[in-house]
Amino acid sequence: RQAAAAASAAAEAEAARRALVLAVQERLVALGLLRSADGDYGQRTRDALRQLARTRKLEVPAEPDQALVAALDQAVAEKRDAERQLADMGGRAERGLDALGRVSGRVNGRLEPEEAAALDAFRREAGLGAAVGRPPERATVEALEGAAEARQLQLAEARRQEGERQRGLVLRAQ
C-alpha cells in the first residue's frame, strides 16, 4: 500500500510539474519565443526564458513555479497591450493617409507596403524623417490627423466658395 501511495503521489507531482511547464511554454509561445509547448522543461524552454530575461527583470528558476507563470502572464499582457496600441496607431495613420488622399483602401491597423511608403513620404515632408521606416508613433499620427483636419477645412471652404460662385452666376443670369 505504501508503495502504491508513494507512486500515486509521485505521479500527481509529475502531472502538476508538467502542467506548470506547459503553462510556462504556452506563455512563451504567446510571446513568440517558443514554437510549441511539449511539457519538457528542457534546453529550448530555458533558452527562451533566458532570452526573455535579457529584456526583463526575470529570474530563470531551476524548476518552473507559479511566480514564473505570473511573470510570464504579465509579459503576455504587456505584449498584447503593445500590439493593440500599434494597431490603433496603424489604423489612425491609415485613416489620416486616406483623408489626405495619399492612399485608399480598407483600414485594418496594419500598414501595407504602399501605405508604409506613403507614411514615410509624409514624415519626410512634415520634418519627421527620423521616424522613417518605423511603425507609426504618436507624433506622426498626430501630424497626420492635423494635416487631414486642415485639408478637410480647406475642402469645406472651397465648397463654400464654389456655392457662392454658383449662386452669383444664377443671380446674374436672372
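What this report covers is the structure whose coordinates are included nearby. This structure is a prediction, so every number in the text was calculated from the model and none was measured.

### Description of the nonpolar core
Move 1: If you look at the biggest cluster of nonpolar residues, it comprises 17 residues, and the most contacted ones within it are Val 24, Leu 28, Leu 31, Leu 49, Leu 68 and Leu 72.
Move 2: Contributing elements (two or more residues each) for this core: helix 1 (2-30), helix 2 (43-55) and helix 3 (66-99).
Move 3: Setting aside residues up to four positions removed in sequence, Leu 31 forms contacts with Leu 52, Leu 72, Ala 75, Val 76 and Lys 79.
Move 4: Among the nonpolar cores identified, the runner-up in size contains 11 residues, and Ala 93, Leu 119, Phe 122 and Leu 144 belong to it.

### Some thoughts on the side chain of Asp 120
Move 1: Within the fold, Asp 120 resides in helix 4 (residues 113-125).
Move 2: The class for Asp 120 is buried, based on a relative accessible area of 14%.
Move 3: Sequence-distant contacts of Asp 120, that is, excluding residues within four places in its chain, are made with Ala 131, Val 132 and Gly 133.

### Digging into the pattern of salt bridges
Move 1: As enumerated under the stated definition, the model contains 13 salt bridges in all.
Move 2: Here Glu 137 and Arg 123 are joined by a salt bridge, their closest N and O atoms 2.8 Å apart. Pair noted here: Glu 137 is in the loop between helix 4 and helix 5 (138-173) and Arg 123 is in helix 4, with a separation of 14 residues, a long-range link.
Move 3: The closest approach of N and O atoms between Arg 165 and Glu 162, which form a salt bridge, is 2.8 Å. Of this pair, Arg 165 and Glu 162 are both found in helix 5, 3 residues apart, which corresponds to roughly one turn of the helix.
Move 4: With a relative accessible area of 44%, Arg 165 lands in the partly exposed category.
Move 5: One salt-bridge network, held together by shared partners, links Asp 120, Arg 123 and Glu 137.

### Some points on helix 2
Move 1: Helix length check: helix 2, at 13 residues, gives a terminal C-alpha distance of 19 Å against a target of 18 Å (1.5 Å per residue), a fit within 8%.
Move 2: Those residues of helix 2 that fall on the buried side of the exposure criterion are Thr 45, Ala 48, Leu 49 and Leu 52. For helix 2, the angular spread of buried residues about the axis comes to 100 degrees, placing them on one side. Projecting away from the buried face of helix 2 at angles above 90 degrees are the exposed residues Gln 43 and Arg 54.
Move 3: Those residues of helix 2 that are buried are in contact with helix 1 and helix 3.

### Thoughts on the packing of helix 1 against helix 2
Move 1: At a minimum axis distance of 11 Å, the contact between helix 1 and helix 2 shows a crossing angle of 55 degrees. For the element pair helix 1 / helix 2, the angle class is oblique. Helix 2 is crossed by helix 1, and the crossing has left-handed handedness. Contacts between helix 1 and helix 2 involve Val 24, Gln 25 and Leu 28 from the first element and Thr 45, Ala 48 and Leu 49 from the second.
Move 2: A per-class count over the contact of helix 1 with helix 2 returns 4 nonpolar, 2 polar and no charged.

Rules behind the numbers
Residues numbered from 1 in each chain as written. Predicted model: local features only at pLDDT ≥ 70, side-chain atom pairs only at ≥ 80, totals over all residues. Heavy atoms only, no water. Core = buried A, V, L, I, M, F, W, Y, C linked by side-chain atoms within 4.5 Å. Buried < 20%, exposed > 50% of the residue type's maximum accessible area, 1.4 Å probe, protein only. Helix = DSSP H or I, 4+ residues; strand = E, 2+ residues; numbered from the N terminus. Contact = heavy atoms within 4.5 Å. Salt bridge = Lys/Arg side-chain N within 4 Å of Asp/Glu carboxyl O. Expected span 1.5 Å × (residues − 1). Arc of directions from axis to C-beta. Axes fitted to C-alpha atoms, helices over the stretch in contact; angles between N-to-C directions. Parallel < 35°, antiparallel > 145°, perpendicular 65-115°, else oblique. Left-handed = near helix turned anticlockwise from the far one by under 90°. Nonpolar A, V, L, I, M, F, W, Y, C, P; charged D, E, K, R; others polar.

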